[in-house]
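Structural characterization, general
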Amino acid sequence: MRVAVIGLGTMGGPMARHLIDAGHEVTVHNRTREREEPLAALGAARAGSPAEAAQGADAVLTCVSDTPDLEHVLLGPGGVCDGLPSGGLVVDCSTVSPSATADIAARLRERGIGMVDAPVSGGSEGAEKGTLTIFCGGSEEDFARAGDILNAIGSRITHLGPSGAGQTAKAVNQVMIAGTYASVGEGIALAQAAGLPIPELLEALSGGAAASWVLTNRAGNMVEDTYPLGFKLALHRKDLGIALDEAAHAGLPMAVTEAVAAQEDELMTAGHGDEDVSAVARVPKRTTGQPA
Ligand code: NAP
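Computed from a predicted model, the values in this text were never measured in an experiment. (Residues numbered from 1 in each chain as written. Predicted model: local features only at pLDDT ≥ 70, side-chain atom pairs only at ≥ 80, totals over all residues. Heavy atoms only, no water.)

1. Concerning the overall build of the protein chain
Quick note on the threshold: The secondary structure listing takes helices from DSSP runs of H or I that are at least 4 residues long and strands from runs of E that are at least 2 residues long, numbered from the N terminus. Our radius of gyration is a C-alpha quantity, and the globule rule it is checked against amounts to 2.2 Å times the number of residues to the power 0.38. Partly exposed describes any residue whose relative accessible area lies between the buried limit of under 20% and the exposed limit of over 50%, with all areas from a 1.4 Å probe on protein chains only and scaled to the type maximum. Any two residues whose heavy atoms approach within 4.5 Å at even a single point are treated as in contact. Shrake-Rupley sampling with a 1.4 Å probe provides the accessible areas, and residues are treated as covered by the protein chains on show and by no other component. In this tally Asp and Glu are treated as negative and Lys and Arg as positive; neither His nor the chain ends contributes. Charge positions are represented by NZ for Lys, CZ for Arg, CG for Asp and CD for Glu.
Along the protein chain, the regular secondary structure elements total 14 helices and 9 strands. Relative to the globule expectation of 19 Å for 292 residues, the C-alpha radius of gyration of the protein chain, 20 Å, shows essentially globular dimensions. Counting only C-alpha atoms, the protein chain reaches 60 × 45 × 35 Å along its principal axes. Expressed as a percentage of its 292 residues, the buried residues of the protein chain come to 52%. A separation of at least 24 residues holds for 65% of the contacts in the protein chain among residues at least 6 apart in sequence. For the protein chain, the exposed surface amounts to about 12700 Å²; the carbon and sulfur share of it is 53%. Charge separation in the protein chain, taken as the distance between the mean sites of 20 positive and 36 negative side-chain charges, equals 2 Å.

Next comes the structure, spelled out in structure tokens:
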């Protein structure tokens, strides 16, 4: 397939690499153009805009930060819609608003372009290994057409309903990991304050009911109190905003999510938004930069 990839950040860069490895003809574009260079070295063509990248492509994979960014690269001036022919397909791996996704998909459909929302879980590690979990929304036909792309970047791929359903599922995922990050952070702070032997404790915890992806992959950050990326805390806060909007529509109270969102707001104010989201452990460890 001829695939254009727009957005070569922590997640999109490795996705483009896996598509090249799978034998697709890949064209890349990134707003900060230097990020295209490692992919060009692997054989990707470079394009000066999303429209140019999309010209002649069968499909476009997008992986950008937030809803307005997605709208900009798809529908803005020089966007994908200015280049992708009718009959093309957009596979969006960004985490964005479910309702905006349904709206964008309808606007693309008017131009004969299909869309699958395909937000991912599994972190930078999952992107590097090509083992992401992918939550999909869209028509059966578009989901089937996206198969070769999704299989190149993920290993658990689930179609959950029409356009926006994948993003709603991702909001559920982000709600669940919010509490996990915060409570693993609190547990680590308590263990260190109590003077427990940390390596032995982590080994023991990993065999019991407290086992989790966060414990396995991010407790080390929390023990050291250093938070390399990963997944930016500011992006997780963006995702909690999406989830809280969905909950408000459904009339649901979300006390844990609201508490974690407030902690993340505090951390962003203190300048920690570009750290990995495991930096929520700064709150119980009192290393936020704010007066304790
Ligand atoms: P990132 O490293 O910050 O990369 C963001 C990408 O979006 C960059 O390529 C950036 O371009 C591009 N971008 C942002 N705004 C743009 C705009 N207005 N116009 C054009 N390009 C724009 O973020 P990431 O970690 O890869 O995350 C990407 C998406 O995946 C987000 O929606 C995030 O929530 C989701 N996600 C991330 C993870 C994770 O562990 N990191 C896991 C699951 C899902 P520049 O390089 O020019 O800034």
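2. Some points on the domain arrangement of the protein chain
What counts here: Domains are outlined according to an automatic or database domain assignment. Defined here as a combined quantity, buried area equals the accessible surface (1.4 Å probe) lost by two parts on assembly, summed across both. One side-chain nitrogen of Lys or Arg within 4 Å of one carboxyl oxygen of Asp or Glu is enough to make a salt bridge.
Segmentation of the protein chain into domains returns domain 1 (2-162) and domain 2 (168-287). The gap between the C-alpha centroids of domain 1 and domain 2 is 28 Å. Contacts between domain 1 and domain 2 engage 16 residues on the former and 13 residues on the latter. With both sides pooled, the region where domain 1 packs onto domain 2 buries about 1100 Å², and carbon together with sulfur makes up 57% of that total. For the pair domain 1 and domain 2, the interface holds 1 salt bridge. E125 is the salt-bridge partner of R218, the closest N and O atoms lying 2.7 Å from each other.

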